[in-house]
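Working through the structure, step by step
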Amino acid sequence: QVQLVESGGGLVQPGGSLTLSCAASGSIFSIYAMGWYRQAPGKQRELVAAITGGGRTNYADSVKGRYTISRANPKNTVFLQMNSLKPEDTAVYYCNADVMTHGSSRSDEYWGQGTQVTVSS
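Everything in this summary refers to the structure shown in the same document.

How each quantity is defined
- Residues numbered from 1 in each chain as written.
- Predicted model: local features only at pLDDT ≥ 70, side-chain atom pairs only at ≥ 80, totals over all residues.
- Heavy atoms only, no water.
- Disulfide = S-S within 2.5 Å.
- Helix = DSSP H or I, 4+ residues; strand = E, 2+ residues; numbered from the N terminus.
- Buried < 20%, exposed > 50% of the residue type's maximum accessible area, 1.4 Å probe, protein only.
- Salt bridge = Lys/Arg side-chain N within 4 Å of Asp/Glu carboxyl O.
- Pairing = 2+ DSSP bridges.
- Axes fitted to C-alpha atoms, helices over the stretch in contact; angles between N-to-C directions.
- Polar contact = N/O pair within 3.5 Å; in protein donor to acceptor, adjacent residues only side chain to side chain.
- Contact = heavy atoms within 4.5 Å.

Further remarks concern the state of the cysteines. Using the criterion set out here, one finds one disulfide in the structure. There is a disulfide in this structure between Cys 22 and Cys 95, and the S-S distance comes to 2.1 Å. One disulfide, between Cys 22 and Cys 95, carries an S-S torsion of -80° and so falls in the left-handed class. Placement of Cys 22 in strand β3 (residues 18-26) and of Cys 95 in strand β9 (residues 91-101) is noted, with a sequence separation of 73 residues between them. Residue class for Cys 22 comes out buried when judged on its relative accessible area of 0%. Assessed through its relative accessible area of 0%, Cys 95 is described here as buried.

What follows concerns the pattern of salt bridges. Evaluated as defined, the whole model comprises five salt bridges. With a shortest N-O distance of 3.1 Å, Lys 64 and Asp 61 are connected by a salt bridge. Its relative accessible area of 66% is what places Asp 61 among the exposed residues.

Read from one edge to the other, the open sheet built from four strands follows the order β1-β3-β8-β7, with strand pairing classed as antiparallel. Both outer strands of the open sheet, β1 (2-7) and β7 (67-72), are each paired with one neighbouring strand and no more. Neighbour to neighbour, the strand axes of the sheet diverge by 15° on average, direction disregarded. Here β7 pairs with strand β8 (residues 77-82) via six bridges, running antiparallel. Considered in β8, the bridge of Thr 68 is made with Gln 81.

Attention now goes to the side chain of Thr 77. Along the polypeptide, Thr 77 turns up in strand β8. Only 3.5 Å separates the side chain of Thr 77 from the side chain of Asn 76, close enough to count as a polar contact. When residues no more than four places from it in sequence are discounted, the contact partners of Thr 77 are Cys 22, Ala 23, Ser 70, Arg 71 and Ala 72.

A separate point is unusual backbone geometry. The phi angle at Ser 84 is positive, at roughly 50°, despite the residue not being glycine. Relative to the assigned elements, Ser 84 resides in the loop between β8 and β9. For Ser 84, a relative accessible area of 41% puts it in the partly exposed group.

Interpretation in functional terms is not warranted from these geometric data alone.
Right, here's the structure in full:
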């Protein structure tokens, strides 16, 4: 089994910054892509940013230029640096990882429990 544990959410004023972290643990053979999704009340979960094992990144248009996703070595931790936060960034942020576990022949998708980010004055 694989666990993804997020941290770093909280309340921040508009224009402020937060950094989210997500650490993967368990019977991990290899982690491929990792990413962050968010879900605001009454809305569908959406991709915010993703990073491949090779370091290629992808961002939602709404966060380009404000958010930065990165991975730490060993590559089982992913970060999301969020700058110039806006009230519309308020949501529960979820970590996602595509993981191959020991003894498995294919990768599976795992999710963290979510961390609340609230942008308000």
